[in-house]
Amino acid sequence: MATQTVIGTQNKVGQTIADPWKMMHEADRTPCFFTGSEVIKEAIRRANCDVMIAYPITPQSEAAALIGELFAEGYIGDYFRGESEFAVMSECAGAAFGGARVFTTTAGPGTMRAMENFPMWAGARLPIQMIVTCRGINSPLSIQPDTLEISYLLNTGMLVWHAETAQDFFDWILKGYMVSEEPDVHLPLALCCDGFFVTHTKDVVNLTPADMCLPPYDPYRSPVPCMDMECPPVRMMRDPFVMKSNYISYATHASWQQEVWAAVERSRKHTIRWLDGMVEVDNPDADILIVASGTAVSQGREAKAVLEEDGIDLGIVKVKSLRPWPEEEIREATKHAKHIIVPEFNVTGWLAKEIRATIPNPDRVYAGPHVCGGMTMPPEIIAADIKKLLGIKAESLAGRGS
Amino acid sequence: MSKERIKIAPEMFDIMPSEYQDLVERATYGNENHRGWKDIGTSKELIEEHSLCAGCPESMAFRYILASLPAPADTVMVGSTGCTSLVFPHVAVHNIHSLFGNQNAIASGLKRALSVRFPGQVKDVVVLAGDGATVDIGLDMTLQAWFRQEKFTTICFDNELYANTGGQESGLMQKGFVAKMAPVGKTFEKVRLPEIARESGCHYVVNCTVSKPNLVEKVIKNAIYVAREIGPTYLQLYTPCILEIGKNSMEGLQEMRDSEKPTERFAYKEYVSDHAKELLTEIAAKEKERKAAAKKQLAGKA
């Protein structure tokens, strides 16, 4: 089924299948005041999804349950609650192997429990989309926002995007399918956001028309055969590579891993096109740049406003895509910066490490401030760290011992 | 999939691999519902070579099962890590290996996707995994698929240990057996999965060996028909690891025969739900009718 032939026709719930570029860029938008979870539901309503598999874990449970309502309304082919995140991600894989467009959501410990599946998804070239509403993963138990889990996803071979706002979420869920289902990509996408800050707060989001949807997934554009017995099976090999300790076996496995990462690279051009660049830069000529992803970008903007009152000029680089990694963009955006501040909602500062590994003179990078375990990041603490870095005496902030 | 799909254009025929030519010319693909173990050796099989040990009963089981699939042109198999995963790359039906132990979860998603994409069409899903995958690491997903009444067949090749990793203790191992990771003998009983399967909602459950090809054919077909129409089915087949129990290549068959005696652990046991009984009776009646008609037609021709 070629995509072009279905545009303008209706799907089984009466939505008109739209040209995805026109739907995302030209169709009328209606402002709505929704929580992030409701926005996920509204994006999936328009995504022409075949299968969604759910499992409860805070803070993604509401979104996962709302998509169940979409199933009840007929918007999704099948939906069920799996038994654990490991199983859910395998069930998603089974559905994707069978040629379905698949969606799921998870968070924190769920992401970690499911981890074995993610390199398998990438290696099997399954373009599953998984929303990750990040939360704490360490003991003692925390359900609060914390982005540490993203660092574990970075080397799975999945595409990894980090949404800042509910509007990003709405647009990127739909655009994400367009990128990850490209034949030269065909990889899973982890679309991450900071739990609660995005999922449980309300925001004005401009929605595309509810009677328009994406074209259906065409599994026969996949670079690997769809497991539906609609194309001739072949005996793949006489001697399974797993049994062989020889050069051919190693070369086969090595070349496939290289191919997965080459596919991540090939997604770059599609990502740039659909997300209008992998980074968003505001005031790159400033001496001091905040480079951040997720809601740390929003807090960075607030810090910029705070510091402007003191006459300190700040630029902001919002990193949208973590895989593929916008190496060139970050080098370009930071080339004039004397100080690069990387505020993060996690204890290890994985984004700062990525940036340090990317740019010349990495001593310019200040990894911090870091908040974790659900702590908020008031703009004042970013401002205070920047002042400290510049040798300006800052007012003491309660609880920070400064 | 229609058999037309695998036809080779006449101009291309001579350059296709001989195995593919053979598959198109002499497979039992189009002979839906009337295939069986007696086709072995007379027509192109879905498996010929394997990379298992010489004399491994699992290789016999594979051949009987593949010869008995009622609709191979619309069957997708799901495997797991282990000796079975060394065979699947040779099998001429679509098959999925993803991780160790998640086979019933994969099959759940797969079956549902195929049902969404091909409503009203036969698309059989068959899981085939070892006892470690089915009963130990994957037990949660094995049972949950049954609780959910997922419509596919689960086959467990029970060799009572982890064969591929070198003979470690498994849940289906007999109590007292000394093995790697059970240095003083296994301390608890063989897990009673067939009974658990019945209680978990399987509609057709059989525990047996693969010593008799006609029996394997019957239970495979029954299990697939019931799964297709009603709900989950489970087959536990004894495929002894001759290597790990100290037998020679030619002794696998005798080992199975010894283990299926009425007092032994692989004595034939079957559970069929009332709903499944009705279906199987109906199918048997139709088959009888078909055979009678064929006989009549043959007599007419003569």
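Residues numbered from 1 in each chain as written. Chains lettered and ligands numbered in written order. Predicted model: local features only at pLDDT ≥ 70, side-chain atom pairs only at ≥ 80, totals over all residues.

Helix and strand counts for chain B come out as 10 helices and 7 strands. Over its C-alpha atoms chain B spans a radius of gyration of 20 Å, differing by no more than 12% from the 19 Å that the globule rule assigns to 302 residues. Principal axes of the C-alpha set define a box for chain B whose edges measure 65 × 45 × 40 Å. Classification of the 302 residues of chain B by burial places 50% in the buried group. (Helix = DSSP H or I, 4+ residues; strand = E, 2+ residues; numbered from the N terminus. Rg over C-alpha atoms; globule rule 2.2 N^0.38 Å. Buried ≥ 20, exposed ≤ 12 C-beta atoms within 10 Å, placed from the backbone.)

Listed by partner, the interface residues are 37 residues for chain A and 36 residues for chain B. Of all the secondary structure elements, the ones that give two or more residues to the side of chain A that touches chain B are β3 (51–54), β4 (78–81), α5 (85–97) and α7 (117–123) of chain A. In terms of residues, the side of chain A that touches chain B owes the most to one element, α5 of chain A, which gives 8 residues. When its residues are assigned to classes, the side of chain A that touches chain B shows 20 nonpolar, 7 polar and 10 charged. (Contact = placed C-beta atoms within 7 Å. Nonpolar A, V, L, I, M, F, W, Y, C, P; charged D, E, K, R; others polar.)

Residue and element names in this part refer to chain A. The geometry of helix α9 (residues 166–180) relative to helix α10 (residues 247–275) is characterised by a closest axis approach of 10 Å and an angle of 150° between their N-to-C directions. Classed by the angle they form, the pair α9 and α10 counts as roughly antiparallel. Here α9 runs over α10; the crossing is right-handed. For the pair α9 and α10, contact is made by W172, K175, M178 and V179 and by S267, H270, T271, W274 and L275, respectively. Residue classes in the contact of α9 with α10 are distributed as 5 nonpolar, 3 polar and 1 charged. (Axes fitted to C-alpha atoms, helices over the stretch in contact; angles between N-to-C directions. Parallel < 35°, antiparallel > 145°, perpendicular 65-115°, else oblique. Left-handed = near helix turned anticlockwise from the far one by under 90°.)

Bringing the nonpolar core into the picture now. Ranked by internal contacts, the top residues of the largest apolar core, which has 198 residues, are F169 of chain A together with L110 of chain B. In this structure L110 of chain B touches G94, A95, F97, G98 and M227 of chain A together with V76, V78 and V125 of chain B, once residues within four positions along its chain are discounted. (Core = buried A, V, L, I, M, F, W, Y, C linked by C-beta atoms within 7 Å.)

Let's shift gears to the sheet that holds strand β7 (residues 159–162) of chain A. Strands in a sheet are paired, the pairing made by backbone hydrogen bonds, and the direction either parallel or antiparallel. Residue and element names in this part refer to chain A. Pairing is mixed in the open sheet, where 7 strands are placed in the order β4-β3-β5-β6-β8-β7-β14. Where the open sheet ends on each side, the last strands, each with one partner, are β4 and β14 (321–323). Within the sheet, the average angular offset between the axes of one strand and its neighbour, ignoring direction, is 20°. In the sheet, strand β6 (residues 129–134) pairs with strand β8 (residues 189–194) via 6 bridges, with the strands oriented parallel. The residue bridging M130 from the neighbouring strand is A190, located in β8. Across the sheet, helix α4 (residues 61–72) touches β3, β4, β5 (102–106) and β6, and the angle it forms with β3 is around 140°. (Pairing = 2+ DSSP bridges.)

Let us look at the pairing of β3 of chain A. Residue and element names in this part refer to chain A. Residues of β3 alternate between two faces, with V51 and I53 on one and M52 and A54 on the opposite face, all of them buried. Inspection of the sheet shows β3 paired to β4 by 4 bridges, in the parallel sense. Within β4, the residue paired with M52 across the bridge is Y79. Inspection of the sheet shows β3 paired to β5 by 3 bridges, in the parallel sense.

All names here are of chain A. On the secondary structure map, I173 appears in helix α9. Judged by C-beta crowding, with 25 C-beta atoms within 10 Å, I173 ranks as buried. With 127 residues separating them in the primary sequence, I173 and R46 have C-alpha atoms 9.8 Å apart. Among all residues touching I173, those that are not within four sequence positions of it are I40, A43, I44, A47, Q129 and L191.

Turning our eyes to something else, we now look at the packing of helix α3 (residues 36–45) of chain A against α4 of chain A. All names here are of chain A. The contact between α3 and α4 brings their axes to 8 Å, and the two run at 35°. In this structure, α3 crosses over α4, and the sense of that crossing is right-handed. Residues S37, E38, I40, K41, I44 and R45 of α3 form the contact with α4, whose participating residues are E62, A63, L66, I67 and L70.

Residue and element names in this part refer to chain A. Looking at chain A, the domain boundaries give domain 1 (3–221) and domain 2 (279–389). Here the C-alpha centroids of domain 1 and domain 2 sit 27 Å apart. Listed by partner, the interface residues are 20 residues for domain 1 and 20 residues for domain 2. Taken together, the elements giving at least two residues each to the side of domain 1 that touches domain 2 come down to α8 (148–153), β7 and β8. Tallying contributions element by element places β7 first for the side of domain 1 that touches domain 2, with 4 residues. Residues belonging to the side of domain 1 that touches domain 2 are distributed by class as follows: 11 nonpolar, 6 polar and 3 charged. (Domains from an automatic or database assignment.)

This part covers the sheet that holds strand β1 (residues 75–78) of chain B. Residue and element names in this part refer to chain B. Read across the sheet, 7 strands follow the order β2-β1-β3-β4-β6-β5-β7 without closing on themselves; strand pairing throughout is mixed. What marks the edges here is a single partner per strand, and that holds for β2 (95–96) and β7 (269–272). The sheet contact formed by strand β5 (residues 204–209) and strand β6 (residues 233–238) spans 6 bridges and is parallel. Residue pairing in the sheet places N207 in a bridge with Q236 of β6. Lying on the sheet, helix α8 (residues 213–229) is in contact with β3 (124–130), β4 (153–158), β5 and β6; it crosses β5 at an angle near 160°.

Let us now look at helix α11 (residues 295–308) of chain A. Residue and element names in this part refer to chain A. The end-to-end C-alpha separation of α11 is 20 Å, in line with the 20 Å expected for 14 residues at 1.5 Å each. Along α11, the residues that are buried comprise T295, A296, V297, Q299, G300, A303, K304 and L307. Those residues of α11 that are buried are in contact with β8, β12 (288–292), β13 (314–319), β15 (339–344) and α14 (379–389). (Expected span 1.5 Å × (residues − 1).)

Further remarks concern α10 of chain A. Helical periodicity: at 3.6 residues per turn, an α-helix aligns residues three or four positions apart in one direction. Residue and element names in this part refer to chain A. When the terminal C-alpha atoms of α10 are compared, their 41 Å separation across 29 residues agrees well with the 42 Å that a helix rising 1.5 Å per residue should span. Maximal helix bending in α10 amounts to about 35°, located at K269. Buried within α10 are the following residues: A263, V264, S267, R268, T271 and W274. Structurally, α10 contributes buried residues whose contacts are with β7, α9 and β14. Among the residues trailing α10, D276 stands out with phi positive, at a value near 55°. (Bend = angle between axes of the 7 residues up to and from the residue.)

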